[in-house]
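Reading the structure
Residue-level listing of the chains:
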Amino acid sequence: MENSNTVPRMPRKRRSLAQELVTVLSEQIRDGQLKRGDKLPTESAIMEAHGVSRTVVREAISRLQAAGQVETRHGIGTFVLDTPSPSGFRIDPATVVTLRDVLAILELRISLEVESAGLAALRRSDEQLAGMRAALDALNESAAHASDAVASDFQFHLQIALSTGNRYFTDIITHLGTSIIPRTRLNSARLAHDDQQHYMQRLSREHEEIYEAIERQDSDAARAAMRLHLTNSRERLRQAHEEAQAQRG
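Residues numbered from 1 in each chain as written. Predicted model: local features only at pLDDT ≥ 70, side-chain atom pairs only at ≥ 80, totals over all residues. Heavy atoms only, no water.

1. Observations concerning the packing of aromatic side chains
Put simply, the rule reads: Classification of ring pairs uses Phe, Tyr and Trp, with its six-membered ring standing for Trp, and accepts pairs whose centres are within 6.5 Å; under 30 degrees between planes counts as stacked, over 60 as edge-to-face, and the remaining range as tilted. Only Lys NZ and Arg CZ are tested; either one counts as a charge over a ring when it is within 6 Å of the ring centre and within 35 degrees of the ring normal.
The final tally for this structure, using the stated rule, is 0 aromatic pairs. A cation over a ring is seen here: arginine 133 above tyrosine 211, with NZ or CZ 4.8 Å from the ring centre.

In structure tokens form, the structure reads like this:
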């Protein structure tokens, strides 16, 4: 007689499976089975435990990253960031779906991260600077892989927030999660009428200018570089938004 555990399940869509896995892992975080700083099991272990494919696991992890519940450290693993609080401030990534939404997030980031960069330049430690450098190196290495690149991009901005020495900057960036990165929701290169390689090279230059200003502890230059980086992103998307509206009109 065939064991009930081996009875094949009805096929389900990958997105449905990914959401089920997100729910399970979120509950483990909320219940304290997985605590802040804990490393998630490997992709293979999660695949075996839940009977899903590697693609499903990666999509679920990506959603948890977007929700600010975990972060992936390149070459090390994925770690729990915090226990989500239903009453805490949080922007639901599911609500960031349109160009207008992404533009609104960028406006918030400009008001927040320009000052964050200036404070980071004044207060950063050598260890924190090394964390920014590691995030940028990982971003450059993973430029061809969208999900990895988004995680590294977020990690760079999070390291800057950490370097302010003001936990509220860190808390807000953490709660926003990877939804602050436009590429999480949109093909930014296509919207900017640019090829992916050139687009990533331009982003890399902007990030390096921010890093170099923080490295030499030039707070004014750090603010200027961060403002340029974020306003460039906003302008590229604003033009795409206007073009989309004109086409609909």
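2. Some points on the side chain of histidine 207
Which entries qualify depends on this criterion: For helices the rule is a DSSP run of H or I covering at least 4 residues; for strands it is a run of E covering at least 2, with both sets numbered from the N terminus onward. Working rule for contacts: check all heavy atoms of both residues, and any pair within 4.5 Å makes them a contact.
Looking at where histidine 207 falls in the secondary structure, it is placed in helix α9 (residues 196–215). Dropping the residues within four chain positions of it, histidine 207 is found in contact with Leu136, Leu139, Asp153, Phe156, His157 and His229.

3. Let's talk about the side chain of glutamine 159
You can see glutamine 159 is positioned in helix α6 (residues 146–163). The residues contacting glutamine 159, other than those within four sequence positions of it, are Gln128, Gly131 and Met132.

4. Structural notes on the environment of isoleucine 29
This is how it is decided: Working definition: with a 1.4 Å probe on protein chains only, accessible area under 20% of the residue-type maximum means buried, over 50% means exposed, and in between means partly exposed.
Its place among the elements puts isoleucine 29 in helix α1 (residues 14–30). With a relative accessible area of 0%, isoleucine 29 lands in the buried category. Put simply, isoleucine 29 and valine 80 are 51 residues apart on the chain and 7.6 Å apart in space, counted from C-alpha to C-alpha.

5. Quick word on the pattern of salt bridges
Note the threshold: Salt-bridge detection follows one rule: a side-chain nitrogen of Lys or Arg within 4 Å of a carboxyl oxygen of Asp or Glu.
Tallying each qualifying case throughout the model produces 11 salt bridges. The salt bridge involving arginine 216 is made with aspartate 218; its shortest N-O contact spans 3.9 Å. Salt bridges sharing common partners tie together Glu43, Arg54 and Arg58.

6. Quick notes on the packing of helix α4 (residues 99–123) against helix α7 (residues 167–176)
Angle between the axes and distance between the axes: these two values describe a pair of packed helices. Worth spelling out the cut-off: Inter-axis angles, ranging from 0 to 180 degrees, are taken between N-to-C directions of lines fitted to C-alpha atoms, where helices are fitted over the stretch in contact. Our angle categories are set so that under 35 degrees counts as roughly parallel, over 145 as roughly antiparallel, 65 to 115 as roughly perpendicular, and the remainder as oblique. If you view the pair so one helix is near and one far, a crossing is left-handed when the near helix is turned anticlockwise from the far one by less than a right angle, and right-handed when it is turned clockwise. Each residue gets one label: Ala, Val, Leu, Ile, Met, Phe, Trp, Tyr, Cys and Pro are nonpolar, Asp, Glu, Lys and Arg are charged, and the others, such as Gly, are polar.
Running from N to C, α4 and α7 cross one another at 135°; their axes reach a closest spacing of 11 Å. What the angle tells us is that α4 and α7 run oblique. Every pair of crossing elements has a handedness; the one defined by α4 and α7 is left-handed. For the pair formed by α4 and α7, the contact residues are Leu108, Leu112, Glu113, Glu115, Ser116 and Leu119 on the first element and Phe169, Ile172, Ile173 and Leu176 on the second. Classifying every residue of the contact of α4 with α7 by side-chain character gives 7 nonpolar, 1 polar and 2 charged.

7. Some details on the environment of glutamate 20
Positionally, glutamate 20 belongs in helix α1. Classification of glutamate 20 by relative accessible area gives partly exposed; the value is 36%. Glutamate 20 sits 36 residues away from valine 56 along the chain, and the two C-alpha atoms are 9.8 Å apart.

8. A closer look at the nonpolar core
Threshold: Only buried residues count toward a nonpolar core, which is a set of Ala, Val, Leu, Ile, Met, Phe, Trp, Tyr and Cys residues joined through side-chain atoms within 4.5 Å.
Judged by nonpolar contacts, the single largest core of 29 residues is most densely connected at Met132, Phe156, Ile160, Ile210, Ile214 and Met226. Only α4, α5 (126–141), α6, α9 and α10 (219–248) provide two or more residues apiece to this core. Each residue touching isoleucine 210, except ones within four places of it in the same chain, is listed here: Phe156, Ile160, Ala225, Met226 and His229. With 17 residues, the next largest nonpolar core counts Leu21, Val22, Ile29 and Val52 among its residues.

9. Overview of the pairing of strand β2 (residues 77–80)
Note the cut-off: Here the rule is simple: two strands pair whenever DSSP picks up at least two bridges between them.
Where burial is concerned, the two faces of β2 agree: the one with Gly77 and Phe79 and the one with Thr78 and Val80 are both buried. Between strand β1 (residues 70–73) and β2, which pair antiparallel one after the other, the connecting turn spans 3 residues, and glycine 75 there sits at a positive phi close to 80°.

10. Remarks on the confidence of the model for the protein chain
The test is simple: The predictor attaches a confidence to each residue, and that confidence, scored 0 to 100, is pLDDT.
Across the protein chain, the average pLDDT comes to 78, with 74% of residues at 70 or higher. Per-element confidence in the protein chain is highest for helix α2 (residues 43–50), whose mean pLDDT is 90, and lowest for helix α8 (residues 188–191), whose mean pLDDT is 48. Note on residues 1–12: pLDDT under 50 across the span, and 4 contacts to partners over four residues away in sequence or across chains. Predicted confidence is poor over residues 183–193, with pLDDT under 50, and the contacts of this stretch with residues over four places away or in other chains come to 31 contacts.

11. Digging into α4
Counted only if it meets this: Residue count minus one, scaled by 1.5 Å, sets the expected span of a helix. Fitting axes to the seven residues that end at a residue and to the seven that start at it, the angle between those axes gives the bend at that residue.
Across its 25 residues, α4 extends 35 Å between first and last C-alpha, which sits within 8% of the 36 Å expected from 1.5 Å per residue. Of all the bends in α4, the greatest, near 30°, is centred on isoleucine 110.

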